Amino acid sequence: MLESVIIIIVGIMIGIITGIIPGIHVNLVCAVLLSFIPNLIIYISQLNIAILITSITITHVFIDMVPSTFLSAPNTQTALAMLPAHELLMQGYGFEAVRLSVVGAFAALITGIVFIPVAWLVIPWLYNYLAMWMALVLILVVAILILSEDSATKILWASFVFMISGLLGITTFSLELNDPLLPLLSGSFGIAMIITSIREHTVLPPQVETEMIHVTNKELIGYSIRSVTAGTLTALLPGLGTSQGVVLASLAIPTNKISYILIVAGVSMINFLFSIITLVTINKARNGAIATIKELIPKIDYTSAMILIIVSVITACVAAILTMWCARLCARMVMHIKYSLICFLVLIFISTLVLILSGIPGVIVLILSTCIGLLTNITGIKKTHALGCLLIPTILYYIRI
């Protein structure tokens, strides 16, 4: 028991590092852990290593909300929420944006736990029903996302962005880079926004640490249920990320920027929570952290899954508090630093990280994905279409089968 507690604390500390530093992703840490596993299992049980990965991931989900809001440096989970969160930041409510994300993630976690018995029964049945039609299901999802644009011109641009992003994704994965997602996603969703901020000489207004934006309990329950629904889709369908799940959820029930932030954070949490369920019930890993756990425990049982879920709740309680503390600190510090300088430093850091991890080919991918991200800014279409870099390779994989 004491060993597990220490493992959780270490995981939280690592999660803080991966969450607060732009460009460092849980998948990168998992890849490093995999290389050390033969040595680690001599001293630490496989279950405790899985507990370590779980605590790192849950902490990262929370802490990552801070740089995504204040530094415009998102990943696949926070890419969509970044836009409304950035709007609040530019109004002086960056702290509020992070607070809403924390509330959305924690509420979704609690709601998800309530729905676990249902998910345990529904996920295997639904997956078996969809498995033979997976490519068609993903194509249908893509069509819905593209057609959700509000004009014919934007639909054409969305189709074009989706296709060129997909081609870039196919090419990137064929290069076998150390961390292909870093240049692919950092360019489209992070660097593009940073360049826009630098070009427009963005100046942050004074940040206030208020809790003025309120959501009723009824609204929060509704948003949490939608997070569970969208999160279930992302945990079931390969290549479908948080952003697409939220867009699909918002098509059924219109959302505003506040609900977007809440739901995106919630879907990120549910995606990991229910990925534990998919690993147990259909033996499928839907994200890097779960894939690493699968490497450790090829046939994870019910008891181990319940332990990881309990660890998720414990970690979430601690991570939520730490995230609010980090948000307060950033809200106070960011006002005293030139925002364009922050953007420039983040740009240099991510570019250097890509160069170190993926070399010159990774830098070229970063530049091309940045161009795609800038194109979405110019045309005014949803950035989620740039995730064709993940969806098209996945669709092609199922078509080949």
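Everything quoted here is computed from the prediction, not taken from an experiment.

Inspection of every chain in the model, using the stated rule, returns five salt bridges. With a closest N to O distance of 3.2 Å, E209 and R328 form a salt bridge. Of this pair, E209 sits in the loop between helix 10 (181-199) and helix 11 (217-236) while R328 sits in helix 15 (residues 302-333), and the two are 119 residues apart along the sequence. Each of E209, R328 and R332 takes part in salt bridges that share partners, so that together they form one network.

Another aspect to go through is the environment of S148. Looking at the element boundaries, S148 is found in the loop between helix 8 (134-147) and helix 9 (152-174). Here the alpha-carbon distance between S148 and I381, two residues 233 residues apart in the chain, equals 10.0 Å. At a separation of 3.3 Å, a polar atom in the side chain of S148 contacts the side chain of K382.

Right, let's talk about helix 17 (residues 388-400) for a bit. In an α-helix there are 3.6 residues to a turn, and that puts residues three or four apart on one side. With 13 residues, helix 17 ought to run about 18 Å at 1.5 Å a step, and its terminal C-alpha atoms sit 18 Å apart, in line with that. All of the buried residues along helix 17 are G388, C389, L390, L391, I392, P393, T394 and I395.

Of all hydrophobic cores here, the largest spans 104 residues; its most connected members are I53, F62, M65, L237, F274 and I293. The element contributing the most residues to this core is helix 16 (residues 339-379), with twelve residues. Look past the residues within four positions of M65 in its chain and what remains in contact with it is V98, S101, V102, A105 and A265. Formed by 14 residues, the second largest nonpolar core is a distinct cluster that contains A97, A107, I261 and L262.

Per the stated rule, a full pass over the model turns up two aromatic pairs. A ring pair is formed by W157 and F160, whose centres lie 6.0 Å apart and whose planes are at 75°; its orientation type is edge-to-face. With a gap of three residues between them, W157 and F160 both fall in helix 9, about one helical turn apart.

So, about the packing of helix 8 against helix 17. Running from amino to carboxyl end, helix 8 crosses helix 17 at an angle of 150°, the nearest separation of the two axes being 8 Å. In terms of their interaxial angle, helix 8 and helix 17 are classed as roughly antiparallel. Relative to helix 17, helix 8 is oriented so that their crossing is left-handed. Residues M134, A135, L138, I139 and V142 of helix 8 touch helix 17, and the partners they reach there are L391, T394, I395, Y398 and I399. Partitioned by chemical class, the residues of the contact of helix 8 with helix 17 number nine nonpolar, one polar and no charged.

Here is what the cut-offs are and how they apply
- Residues numbered from 1 in each chain as written.
- Predicted model: local features only at pLDDT ≥ 70, side-chain atom pairs only at ≥ 80, totals over all residues.
- Heavy atoms only, no water.
- Salt bridge = Lys/Arg side-chain N within 4 Å of Asp/Glu carboxyl O.
- Helix = DSSP H or I, 4+ residues; strand = E, 2+ residues; numbered from the N terminus.
- Polar contact = N/O pair within 3.5 Å; in protein donor to acceptor, adjacent residues only side chain to side chain.
- Expected span 1.5 Å × (residues − 1).
- Buried < 20%, exposed > 50% of the residue type's maximum accessible area, 1.4 Å probe, protein only.
- Core = buried A, V, L, I, M, F, W, Y, C linked by side-chain atoms within 4.5 Å.
- Contact = heavy atoms within 4.5 Å.
- Phe/Tyr/Trp six-rings, centres within 6.5 Å; stacked < 30°, edge-to-face > 60°.
- Axes fitted to C-alpha atoms, helices over the stretch in contact; angles between N-to-C directions.
- Parallel < 35°, antiparallel > 145°, perpendicular 65-115°, else oblique.
- Left-handed = near helix turned anticlockwise from the far one by under 90°.
- Nonpolar A, V, L, I, M, F, W, Y, C, P; charged D, E, K, R; others polar.

Just distances and angles here, no functional claims.
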